[in-house]
Number of protein chains: 2
Amino acid sequence: MELLSQTEVFDGWLRRYRHHSEATATDMVFAVFLPPQVMAARVPVLYWLSGLTCTDENFCQKAGAFRLAAQLGLAIVCPDTSPRGLALPGEHDEDDLGSGAGFYVDATEPPWADHYRMYEYVTDELPTLVEMNLPVRADKSICGHSMGGHGALVAALRNPGVYASVSAFSPICHPTEAPWGRKAFSAYLGPDPADWQQYDATLLVASAEERLPILIDQGSKDPFLESQLMPEAFRAACDAVDHPLTLRMHPGYDHSYYFIATFIDDHLRFHAQALGA
Amino acid sequence: MELLSQTEVFDGWLRRYRHHSEATATDMVFAVFLPPQVMAARVPVLYWLSGLTCTDENFCQKAGAFRLAAQLGLAIVCPDTSPRGLALPGEHDEDDLGSGAGFYVDATEPPWADHYRMYEYVTDELPTLVEMNLPVRADKSICGHSMGGHGALVAALRNPGVYASVSAFSPICHPTEAPWGRKAFSAYLGPDPADWQQYDATLLVASAEERLPILIDQGSKDPFLESQLMPEAFRAACDAVDHPLTLRMHPGYDHSYYFIATFIDDHLRFHAQALGA
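On a predicted model such as this, the values are computed, not experimentally measured, just so you know.

Digging into the interface of chain A and chain B
Right, on to step 1. Listed per partner, the contact involves 20 residues of chain A and 20 residues of chain B.
Right, on to step 2. Both sides of the chain A and chain B interface together cover about 1,800 Å² of buried area, and 56% of this is carbon and sulfur.
Right, on to step 3. On the chain A side of the contact with chain B, Glu8, Gln61 and Tyr258 of chain A bury the most area, a combined 36% of that side's loss.
Right, on to step 4. For the pair chain A and chain B, the interface holds zero salt bridges.
Right, on to step 5. The set of elements that each furnish at least two residues to the side of chain A that touches chain B consists of strand E1 (2-9), helix H1 (57-62), helix H2 (66-72) and helix H9 (257-275) of chain A.
Right, on to step 6. Across the side of chain A that touches chain B, the residue classes break down as nine nonpolar, five polar and six charged.

What to know about the sheet that holds strand E9 (residues 245-250) of chain B
Residues and elements named next belong to chain B.
Right, on to step 1. What the nine strands build is an open sheet, ordered E1-E2-E3-E5-E4-E6-E7-E8-E9; its pairing is mixed. Each edge of the sheet is formed by a strand with only one pairing partner; in this case those strands are strand E1 (2-9) and E9. Each strand of the sheet is rotated relative to its neighbour by a mean of 20°, with strand direction disregarded.
Right, on to step 2. Of the strand pairs in this sheet, strand E2 (residues 12-21) and strand E3 (residues 26-34) are connected by nine bridges, and their pairing is antiparallel. Within E3, the position partnered with His19 by the bridge is Met28.
Right, on to step 3. Along the sheet face, helix H9 (residues 257-275) touches strand E4 (43-49), strand E5 (75-79), strand E6 (136-145), strand E7 (166-169), strand E8 (214-219) and E9 and points at about 175° away from the line of E7.

Focus: the relation of the copies chain A and chain B
Each of the two copies of the chain can be brought onto the other by a rotation about an axis and a shift along it.
Right, on to step 1. Superposing chain A onto chain B takes a rotation of 180° plus a shift of 0.0 Å along the axis, which leaves an RMSD of 0.0 Å. Expressed as an axis order, the relation between the two copies is that of a two-fold axis.
Right, on to step 2. Interface residue correspondence from chain A to chain B reaches 100%, placing this contact among same-surface, isologous pairings.

Here we look at the confidence of the model for chain A
Right, on to step 1. Across chain A, pLDDT averages 98, with 100% of residues at or above 70.
Right, on to step 2. Across the interface, the model reports ipTM at 0.95; the global pTM reads 0.97.

Here we look at H9 of chain A
Residue and element names in this part refer to chain A.
Right, on to step 1. At Phe263, H9 shows its largest bend, some 50°.
Right, on to step 2. Burial of H9 is extensive: 14 of the 19 residues sit out of reach of the surface.
Right, on to step 3. The N-capping residue of H9, defined by a side-chain oxygen 3.1 Å from the backbone nitrogen of Tyr258, is Ser256.
Right, on to step 4. Gly276 occupies a position one or two residues after H9 and carries a positive phi of about 65°.

Looking at the pairing of E1 of chain A
All names here are of chain A.
Right, on to step 1. As paired elements, E1 and strand E2 (residues 12-21) share seven bridges and run antiparallel to each other. Counted as the bridge partner of Thr7 is Leu14 from E2.
Right, on to step 2. Hairpin connection between E1 and E2: a loop of two residues separates the two successive antiparallel strands, and Phe10 in this loop has a positive phi of roughly 50°.

Comments concerning the sheet that holds strand E5 (residues 75-79) of chain A
Residues and elements named next belong to chain A.
Right, on to step 1. Strand order in the open sheet formed by nine strands is E1-E2-E3-E5-E4-E6-E7-E8-E9, and the pairing between neighbours is mixed. Single-partner strands in this sheet number two, and they are E1 and strand E9 (245-250). In this sheet, adjacent strand axes meet at a mean angle of 20° when their direction is disregarded.

Re the state of the cysteines
Right, on to step 1. Across all of its chains, the model carries zero disulfides over all chains by this definition.
Right, on to step 2. The cysteine Cys173 of chain B is free of any disulfide, with Cys238 of chain B supplying the nearest cysteine sulfur at 8.5 Å.

A few points about the nonpolar core
Right, on to step 1. Core analysis: the largest hydrophobic core is formed by 69 residues, its most contacted members being Phe30, Phe103, Ile142, Tyr188 and Phe234 of chain B.
Right, on to step 2. Dropping the residues within four chain positions of it, Phe234 of chain B is found in contact with Leu153, Cys173, Ala201, Thr202, Val205, Ile214, Ile216 and Leu245 of chain B.

Quick word on the packing of aromatic side chains
All names here are of chain A.
Right, on to step 1. For the structure shown, the criterion picks out 34 aromatic pairs over all chains.
Right, on to step 2. Taken together, a centroid distance of 6.0 Å and an interplanar angle of 50° make the contact between Trp48 and Phe169 tilted. Placement of Trp48 in strand E4 (residues 43-49) and of Phe169 in strand E7 (residues 166-169) is noted, with a sequence separation of 121 residues between them.
Right, on to step 3. By relative accessible area, which is 0% here, Trp48 ends up buried.
Right, on to step 4. Using a relative accessible area of 0% as the deciding quantity, one classes Phe169 as buried.

Parameters at a glance
- Residues numbered from 1 in each chain as written.
- Chains lettered and ligands numbered in written order.
- Predicted model: local features only at pLDDT ≥ 70, side-chain atom pairs only at ≥ 80, totals over all residues.
- Heavy atoms only, no water.
- Contact = heavy atoms within 4.5 Å.
- Buried area = accessible area lost by both parts, 1.4 Å probe.
- Salt bridge = Lys/Arg side-chain N within 4 Å of Asp/Glu carboxyl O.
- Helix = DSSP H or I, 4+ residues; strand = E, 2+ residues; numbered from the N terminus.
- Nonpolar A, V, L, I, M, F, W, Y, C, P; charged D, E, K, R; others polar.
- Pairing = 2+ DSSP bridges.
- Axes fitted to C-alpha atoms, helices over the stretch in contact; angles between N-to-C directions.
- Least-squares fit on C-alpha atoms with pLDDT ≥ 70 in both.
- pLDDT = per-residue confidence, 0-100.
- Bend = angle between axes of the 7 residues up to and from the residue.
- Buried < 20%, exposed > 50% of the residue type's maximum accessible area, 1.4 Å probe, protein only.
- Polar contact = N/O pair within 3.5 Å; in protein donor to acceptor, adjacent residues only side chain to side chain.
- Disulfide = S-S within 2.5 Å.
- Core = buried A, V, L, I, M, F, W, Y, C linked by side-chain atoms within 4.5 Å.
- Phe/Tyr/Trp six-rings, centres within 6.5 Å; stacked < 30°, edge-to-face > 60°.

Given below as structure tokens:
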């Protein structure tokens with residue numbers, strides 16, 4: 001891992017690293033906040049998965065999360081949202097496909113299959129790398145926003161026992177029925193919807209092996225609420241199998257990082273409690 | 001004033017407005033955070049002046065200030081850092097002159113004099129507009145970063161009785177001796193250094209009519225510390241006339257918004273106490 005920068009913040013450190021990824025067959029950059037407690041002992045880790053068009057930087061700059069994370073002794077790892085540095089056909093043409101829009105799936109279709117393997121990257125390769133090279137424990141939780149909320153829910157539902165807790169802001173809950181999800185899954189996974197189900201939280205929760213409690217915050221003025229996010233479909237799927245879900249609707253709030261900043265402390269406390277931080 | 005957007009955040013509202021400015025003879029955009037307390041009563045206002053290359057948005061997105069401002073009942077107004085929408089000769093060629101670099105002076109030299117009047121804008125026109133149109137009291141304080149820290153100190157020192165308190169992060173304390181300041185002042189104010197003194201906090205403090213306590217935070221790893229910012233010169237000038245100054249040096253911190261975010265709560269409490277918020 002190559003250290004690109006280190007910035008002091010809240011008596012802890014924000015670092016950016018570049019490393020070669022086997023999963024994506026590219027270099028990848030990620031950010032990590034290390035709280036001051038790492039001077040004394042290894043700390044648990046919260047993984048943050050970002051939404052469309054984001055990089056590793058949006059959450060770090062805009063969420064206002066490091067103040068409380070420094071108090072709680074929680075490291076936060078922020079991966080990028082896709083491979084970078086490629087020039088695949090159509091890769092940089094649209095906000096919701098290709099660069100910045102990896103959707104946390106392992107693509108099987110050309111031209112994406114050799115590189116767009118963000119599911120393997122965030123659930124396997126990156127945690128292994130982080131745990132080998134940084135002063136953190138193996139205890140981890142996962143959280144995300146929009147496309148990244150989808151990624152967090154899928155990662156937790158498909159990997160029982162791996163995450164101590166999972167939460168999401170404004171997640172794409174049912175991508176196989178949402179325009180963003182259908183477009184991305186068609187491109188990355190091919191035309192057969194049967195191949196998409198492993199990446200749809202609303203479809204996965206019925207067979208979840210673990211009753212891991214889920215926290216979701218959603219703004220009522222989010223312009224994507226009905227068309228793309230569908231939290232009510234996820235609620236119904238959870239209710240059908242009695243999966244524990246706390247879905248909080250917040251009147252007046254939108255899809256932005258101002259919404260995330262307003263409620264991020266609740267998520268940090270939720271995860272810190274599960275992680276014993 | 002034209003309302004461009006309103007975003008719910010921490011139970012308050014971030015609004016962006018556009019209005020015609022007499023001072024700059026252009027349209028200007030500013031941001032204002034209104035805390036939830038405005039539903040019951042008018043609130044005091046903190047003016048935030050940003051640094052080089054910034055707009056009204058940097059502080060709102062990156063400082064993490066609205067959480068505590070919402071608790072304290074403090075409005076925060078963030079003006080832009082220069083006029084926009086012009087095409088003066090050389091205006092957009094460099095980061096430290098022209099657009100994004102108004103330096104909070106009233107220019108007297110061509111081609112700037114008709115528009116680059118940010119001192120009048122932030123100390124007179126904008127507060128008048130805000131107090132006429134928004135649910136705020138006339139009680140106000142001022143704060144800023146880098147070029148905006150310079151602007152805040154100059155505004156407070158030149159307007160006794162107007163601001164309840166003043167503070168700054170990494171301010172350009174002595175611009176007449178700093179490369180950024182000398183370049184900007186030469187262009188905006190002409191070649192005679194006698195005309196620059198009215199915009200140099202280190203020179204102004206000797207004749208300050210009011211012993212308003214000043215709070216300054218400065219990172220020791222700030223790359224501009226010695227060459228551009230010169231807090232020790234300002235400290236010496238304050239000491240010489242016994243002007244109350246709290247200058248806090250923070251080991252390890254740099255010039256970024258991560259430094260601001262780390263200590264913004266201290267500044268908000270400092271101003272809220274002075275404002276009776």
